[in-house]
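Here is how the chains run, residue by residue.
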Amino acid sequence: MRSWTEGLAALVVVAGLGLVMFAFTGESITDGGTDTTDPAVVFDPDAAERGAVLAEGTACLQCHTRDGSSATGPTFKGLAGSDRPLTTGEFVTADDSYLFNSIVDPSSQIVEGFDNVMPGTFADQLTETDIEDLIEFIKSLS
Ligand code: HEC
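The following paragraphs examine the structure supplied in this document. Here the residue index of a chain counts from 1 through its sequence in written order. Under the rules for a predicted model, residues below a pLDDT of 70 receive no local features and side-chain atom pairs below 80 are neither given nor counted, while totals for whole chains, interfaces and linings still include all residues.

1. A word on the site of the ligand
As a reminder of what qualifies: In this entry, near means the residue's backbone-placed C-beta atom lies within 6 Å of the molecule or strand. By the criteria applied, helices consist of DSSP H or I runs no shorter than four residues and strands consist of E runs no shorter than two, each listed in order from the N terminus. Each residue is assigned to one class: nonpolar for Ala, Val, Leu, Ile, Met, Phe, Trp, Tyr, Cys and Pro, charged for Asp, Glu, Lys and Arg, and polar for all the others, Gly among them.
Taken together, 26 residues sit near the ligand, with Cys60, Cys63, Gly73, Pro74 and Met118 positioned nearest. Of all the secondary structure elements, the ones that give two or more residues to the shell around the ligand are helix H3 (60-63) and helix H4 (96-104). When its residues are assigned to classes, the shell around the ligand shows 17 nonpolar, seven polar and two charged.

2. Describing helix H2 (residues 45-57)
Heads up, the rule is: For a helix, the expected span equals 1.5 Å multiplied by the residue count minus one. Throughout, a residue-residue contact means that the two C-beta atoms, derived from backbone geometry, are no farther apart than 7 Å.
Taking 1.5 Å of rise per residue, 13 residues should cover 18 Å, and H2 covers 19 Å from first to last C-alpha, within 8% of that figure. Buried residues along H2 sit against H3 and helix H6 (128-140). Positive backbone phi, at 75°, marks Ala59, one or two positions downstream of H2.

3. Brief notes about the nonpolar core
The tendency in soluble globular proteins is for nonpolar side chains to be buried side by side. Test applied: Core membership is restricted to buried Ala, Val, Leu, Ile, Met, Phe, Trp, Tyr and Cys residues, and these are joined into a nonpolar core through C-beta atoms within 7 Å. Between the buried cut of 20 or more and the exposed cut of 12 or fewer other C-beta atoms within 10 Å of a residue's own C-beta lies the partly exposed class, and all C-beta atoms are placed from the backbone.
In this structure, Ala55, Leu79, Ala80, Leu99, Leu134, Phe137 and Ile138 are the most contacted members of the largest nonpolar core, which totals 14 residues. Listing elements by their share of this core, those giving two or more residues are H2, H4 and H6. The element that contributes the greatest number of residues to this core is H6, accounting for four residues. With residues up to four places along the chain from it excluded, the contact list for Leu99 reads Ala80, Ala94, Ile135 and Ile138.

This is how it looks when you write it as structure tokens:
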């Protein structure tokens with residue numbers, strides 16, 4: 001009798017664990033993928049605010065504008081979520097990972113019509129949170 005109840009208890013625990021694991025994997029799949037169902041760019045206003053201050057202080061806005069006009073670099077306005085033409089002839093959607101990569105390793109993907117002059121030093125100069133804030137700032141200009 002005792003082993004029967006123990007067996008049942010073990011079964012309940014295993015089933016419970018299975019459910020928890022299913023819930024976690026289900027979540028990580030939706031989180032990790034690029035969201036193609038919702039075209040609206042969502043951003044965190046507090047982070048965007050910090051990013052705006054950083055963009056001034058880190059010289060981003062010496063080469064990039066927020067109003068749609070081109071400068072040394074492409075404008076930040078409408079950038080997030082758009083398809084970017086690269087010098088390779090490819091198009092890449094400007095999602096978070098593209099923006100992150102454009103900031104930490106700018107010469108890896110060059111935007112068509114622009115020169116490879118963006119400094120590659122921001123990865124050392126900025127923390128990961130700084131870069132995330134800059135991305136939220138760019139997204140706030142979409
Ligand atoms: C000296 C000028 C210069 C500075 C300073 C600069 N950039 Fe750039 N940036 C460019 C140029 C030119 C390009 C386009 C060529 C390329 O893709 O590397 C570019 C490309 C980008 C892109 C991709 C744009 C697109 O249209 O797809 C992002 C994002 C970006 N920069 C963010 C930043 C941020 C954030 C900073 C500040 C931390 C910064 N840049 C500082 C010149 C600059």
